Amino acid sequence: MAYQIRKAAVLGSGVMGSGIAAHLANIGIPVLLLDIVPGELTAAEEKKGLTLEDAQVRNRFATNALQQLTKHKPAPLTTKKNLTLIEAGNLEDDLGKLKEVDWIIEVVVENLDIKKELYEKIDAVRTEGTIITSNTSGISIEAMKEGRSEDFQKHFLGTHFFNPPRYLKLLEVIPASTTAPEVVDFMTTFGEDVLGKGVVIAKDTPNFIANRIGTYGLLVTLREMEKRGYSIGEVDSVTGTLIGRPKSATFRTLDVVGLDTFVHVAKNVYDQTTGKEQEVFDTPAFMKKMVENGWLGAKTKKGFYEKKGKDILELEVESFDYVPQKKLKAPSIEMAKQQKGLANRVKVLTYAEDRVGEILWNIFAPTLLYSAELHGEIADDIVAIDNAMKWGFGWQQGPFETWDAIGVEKSVEKMKAAGYKIPRFVQSLLDKGYDTFYKEEDGELHFFNGENYEAVPLNEKAIDLKRYKKKHGVLKKNSGASLIDLGDGVLLLEFHSQSNAIGLDIIQMLNYAIDEVEKNYKGLVIGNQGKNFCVGANLGLILMEAQDDNIFELDFVIRSFQQAMMKIKYAKKPVVAAPFAMTLGGGAEVCLPASHIQATTETYMGLVEVGVGLIPGGAGNLNLYQKHLKGLPNGVTIDYQDIATKVFETIAMAKVSTSGDEARENNFLDFADSVSVNGDHQIYDAKQATLALYEGDYKAPKREKIPVPGAPGYATLLLGAEGMHLSGYISDHDLKIAKKLAYVIAGGEVPYGTFVDEQYILDLEREAFLSLVADPLSQQRMQHMLLKGKPLRN
């Protein structure tokens, strides 16, 4: 049977249920969101004269959940417009509508009896072949499907999303013994290609993979902190980014998750295990007391940390007082920071003979051993375990990758000396003469499966540039960028300067890449897999030249940048930009002239130069204005003033999109541009878009004059800016920047509707940029941003 999901139903509208519904709406799947019928009226409902029979009351839980979706932070929706794809209802009146859906996701309370009762009702109304999944975080999938029809059992499995579903990559797929293999295969592919998730197949064991190991690791950390006399702040100072874990480290993570939630997850494993393992999952007494006190973390504004005024205090678990935060200080921390790469840093810290080494060794050793003991029990291979921890808990290295980093042989010797029992899986690796769980062969990653090494399975759409370059090499490279052959006649220009900031090195490579593509290839992708696509031009270089009064040099740089952007725009072969994450200033300017933009769901795009006292200087003003013009239908009267105002507001207010969808609403993307839901597939998608354009007989756009609002438009834009200045919203210098920006966007003092050359606008832009960059107040803003990472209002 060929499965297709055109419509879904989410049963349960709590934070998780509504978050999953939002994620489905974000990718364009209509959703039915159902919850229980309330048992009593609220005071507001009584006041309105409503009864328990009114639909407004009966759908209250799901309706309220939808309203909350627009208020949650981080935003579950990529655009508020997606709310129209979610229909609220209830589990009594609307159960029959489940006949119309292709996928039913159950997200009700974690109670086996309640779930089974609901499944009985679903079984009576569902259409044969409809997939049913549970988002349970730990209840047995086998137990849940008992007593259901054969077709239900064949199409039933676990799909465990992580919260918040839009942002956390992990999706654990847990088949039951009766789940049809083709259903598992379909949900795996659908999870990766459509939902944009990192999918791991987990076995039906308590808390599956990530929560089982993650909870164990957190509880070991709590135990070691208490046993060895460390403070909460000290532990957090060394269990976060220093070792490749999230910034929230241990205790901030627990505060965000909620202590009550964590205790519940730990108890689930405690109830299903025995012996030493069970002892670890018994949460410490101080934590139980915190839950009794209602100190549950962020949601009660009091947990392991409490904010008092501007100070954040940490809990002292012996006295239960909140005290100033402490941090661990040790020579090993400074030594580790000097190491190249995370693996070397972790190794230095783990074996350090100081308090940092003591706590980290005593957290790592039991957690790594536990992960190895569970190999084969919770998942079939180490790849699934490592990926689950990276995608679900934000670890940069999974347990087995961490083990490779600290050295398997060396660590096992130390573990044996400390009296630890070594799992058979680990011992067999060493007995066979191997010393790592992973190894590279011919540019491909292989993992140890218990007997030998096998290739890590990869989705063909997931192109890892680091590994791809090892295997295929690069065509040309300088300090700022590399040119890579992606095959099938498509080249990739990869930025790799610091923060991917644009300097003359990148501009030089960009010009070379387009020349090469026009002669010998089908098209070019501009993309990379850094932390961000590009955070703008090299601000440090610009400031240094400005402070040295090298205006001639700056004029050359800005001219070169503008010319390179025009070269992208008028290239004879398609150029596809692949932005993701922060795509700011010059990063956005690289995308605007491209033949096609292949963004990701999490693309935060904006022209933010006003924040450093400048205006866009790489044709950003021109190209954003033209994007707005391009989106208008033919044959309608165009108000150039209205377009200029929108562009002016977007740039003057430094608007940054909170998603790829919002970037389209802000006109950085147009109707033909695309968004990759799975960021790992973006380079593949961009390559396919390049080939599609080439094969569609691509023609470069014609150079045409553009209409501008001119002097009347400039006056209107000034009026708005001066009004804000008089009201005290903007400073004198803000007004100066606004005037310069308005002049460029309006096209100077020409009559309304005049058609002008692009070069005329570029010259205005460059003149405005150079006059602002020479201004001491703008230089102060640039310096402040470089030193503090925040804009200065002066």
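The rules behind the values
Residues numbered from 1 in each chain as written. Predicted model: local features only at pLDDT ≥ 70, side-chain atom pairs only at ≥ 80, totals over all residues. Heavy atoms only, no water. Helix = DSSP H or I, 4+ residues; strand = E, 2+ residues; numbered from the N terminus. Rg over C-alpha atoms; globule rule 2.2 N^0.38 Å. Contact = heavy atoms within 4.5 Å. Areas by Shrake-Rupley, 256 points an atom, 1.4 Å probe, with all protein chains shown as cover. Phe/Tyr/Trp six-rings, centres within 6.5 Å; stacked < 30°, edge-to-face > 60°. Buried < 20%, exposed > 50% of the residue type's maximum accessible area, 1.4 Å probe, protein only. Lys, Arg positive; Asp, Glu negative; His and termini not counted. Salt bridge = Lys/Arg side-chain N within 4 Å of Asp/Glu carboxyl O. Polar contact = N/O pair within 3.5 Å; in protein donor to acceptor, adjacent residues only side chain to side chain. Pairing = 2+ DSSP bridges. Axes fitted to C-alpha atoms, helices over the stretch in contact; angles between N-to-C directions. Core = buried A, V, L, I, M, F, W, Y, C linked by side-chain atoms within 4.5 Å. Disulfide = S-S within 2.5 Å. Parallel < 35°, antiparallel > 145°, perpendicular 65-115°, else oblique.

Undergrad: Explain the overall build of the protein chain residue by residue, including any values.
TA: Counting its secondary structure elements, the protein chain contains 34 helices and 25 strands. Rg of the C-alpha trace for the protein chain: 29 Å, near the compact-globule value of 28 Å for 794 residues, within the 12% margin. In terms of its C-alpha atoms, the protein chain occupies a principal-axis envelope of roughly 80 × 70 × 60 Å. The long-range share in the protein chain, meaning contacts at least 24 apart out of those at least 6 apart in sequence, stands at 69%. Approximately 34,500 Å² of the protein chain is accessible, and the part contributed by carbon and sulfur atoms is 51%.

Undergrad: Outline the packing of aromatic side chains, supporting the account with residue identities and numerical values.
TA: Evaluation of the coordinates by the stated rule reveals 27 aromatic pairs. Taken together, a centroid distance of 5.9 Å and an interplanar angle of 35 degrees make the contact between Phe 495 and Phe 533 tilted. With Phe 495 in strand E17 (residues 490-495) and Phe 533 in the loop between strand E18 (523-526) and helix H24 (539-547), this pair connects stretches of sequence that are 38 residues apart. Considered together, Phe 495 and Phe 533 belong to a single accessibility category, that of buried residues. An aromatic cluster of three or more residues is present, and its members are Phe 400, Trp 403, Phe 425, Tyr 434, Phe 437, Phe 448 and Tyr 453.

Undergrad: Which residues make up the side chain of Glu 172, and what are the values?
TA: Relative to the assigned elements, Glu 172 resides in strand E7 (residues 170-175). For Glu 172, which is buried and forms no salt bridge, the nearest opposite charge comes from Arg 212, at a distance of 10 Å. At a separation of 3.2 Å, a polar atom in the side chain of Glu 172 contacts the main-chain amide nitrogen of Ile 209. At 2.9 Å, the side chain of Glu 172 forms a polar contact with the backbone nitrogen of Ala 210. Apart from residues lying up to four places away in sequence, Glu 172 is in contact with Gly 158, Thr 159, His 160, Phe 162, Val 200, Ala 202, Phe 208, Ile 209, Ala 210 and Ala 388.

Undergrad: How would you summarise the sheet that holds strand E1 (residues 8-11) if you had to cite specific residues and measurements?
TA: Here we have 8 strands laid out as an open sheet, ordered E3-E2-E1-E4-E5-E6-E7-E8, and mixed in their pairing. With partners counted over all chains shown, the strands left at the sheet margins are strand E3 (86-90) and strand E8 (198-201), one partner each. Averaged over all pairs of adjacent strands, the angle between strand axes in this sheet comes to 25 degrees, irrespective of strand direction. By the bridge criterion, 5 bridges tie strand E2 (residues 31-35) to E3 in an arrangement that is parallel. Opposite Asp 35, over in E3, you have Asn 90 as the bridge partner. Most of the contacts of helix H1 (residues 15-26) go to E2, to which it runs at about 170 degrees, and overall it touches E1, E2, E3, strand E4 (103-106) and strand E6 (156-161). Running at roughly 155 degrees to E8, helix H8 (residues 181-193) makes contact with E4, strand E5 (131-134), E6, E7 and E8 of the sheet.

Undergrad: I'd like a description of the nonpolar core, backed by residues and values.
TA: If you look at soluble globular proteins, the nonpolar side chains tend to sit buried side by side. Among the nonpolar cores identified, the biggest contains 110 residues, and Leu 98, Phe 304, Trp 403 and Phe 437 are the most heavily contacted of them. Top element by residues in this core is helix H17 (residues 355-373). It accounts for 11 residues. Membership of the second largest hydrophobic core comes to 88 residues, among which are Ala 481, Leu 543, Val 575 and Ala 577.

Undergrad: Hey, could you go over the sheet that holds strand E14 (residues 453-455) for me, with residue numbers and the actual values?
TA: Reading across the sheet, the 3 strands line up as E12-E13-E14 and stay open at both edges, with antiparallel pairing between neighbours. Two strands in the sheet have a free side with no partner beyond their single neighbour: strand E12 (438-441) and E14. Within this sheet the neighbouring strands show an average axis-to-axis angle of 40 degrees, counted without direction. As defined by bridge partners, strand E13 (residues 444-448) adjoins E14 across 3 bridges and the pair is classed as antiparallel. Residue pairing in the sheet places Phe 447 in a bridge with Glu 454 of E14.

Undergrad: Could you give me a rundown of the side chain of Thr 159, with the residues and numbers involved?
TA: Considering the arrangement of structural elements, one finds Thr 159 in strand E6. Thr 159 has contacts with Trp 103, Ile 105, Thr 133, Ser 134, Asn 135, Leu 171, Glu 172, Ile 174 and Met 187, leaving out every residue within four places of it along the chain.

Undergrad: I'd like a description of the state of the cysteines, backed by residues and values.
TA: The final tally for this structure, using the stated rule, is 0 disulfides. Left without a disulfide partner, Cys 534 is nearest to the cysteine sulfur of Cys 591, which lies 8.3 Å away. Given a relative accessible area of 0%, Cys 534 falls into the buried group. Taking the relative accessible area as the measure of exposure, Cys 591 reaches 1% and is therefore buried.

Undergrad: So what's going on with the packing of helix H16 (residues 342-350) against helix H19 (residues 399-406)? Residues and values would help.
TA: Taken N-terminus to C-terminus, the directions of H16 and H19 make an angle of 70 degrees; their axes are 8 Å apart at the nearest point. Relative to H19, H16 is oriented roughly perpendicular. Contacts between H16 and H19 involve Ala 343, Val 346, Lys 347 and Thr 350 on the former and, on the latter, Thr 402, Ala 405 and Ile 406.

Undergrad: Describe in detail the pattern of salt bridges, supporting the description with residues and values.
TA: Counted under the stated rule, the structure contains 51 salt bridges. Here Asp 673 and Lys 627 are joined by a salt bridge, their closest N and O atoms 2.9 Å apart. Residue Asp 673 is located in the loop between helix H29 (660-665) and strand E23 (674-676), and its partner Lys 627 is located in helix H27 (residues 620-630); the two are separated by 46 residues in the primary sequence. For Asp 673, a relative accessible area of 5% translates into the label buried. For Lys 699, the salt bridge is made with Asp 697, and the minimal N-O distance between the two is 3.0 Å. Using a relative accessible area of 54% as the deciding quantity, one classes Asp 697 as exposed. Bridged by salt links that share partners, the residues Arg 223, Glu 224, Arg 228 and Glu 358 form one connected network.

Undergrad: Let's hear about the environment of Glu 306: which residues, and what values?
TA: Turning to its location among the elements, Glu 306 is positioned in strand E9 (residues 305-308). By relative accessible area, Glu 306 is classed as buried at 12%. Apart from the residues lying within four places of it in its own chain, the contact partners of Glu 306 are Lys 301, Asp 311, Ile 312, Leu 313 and Tyr 322.

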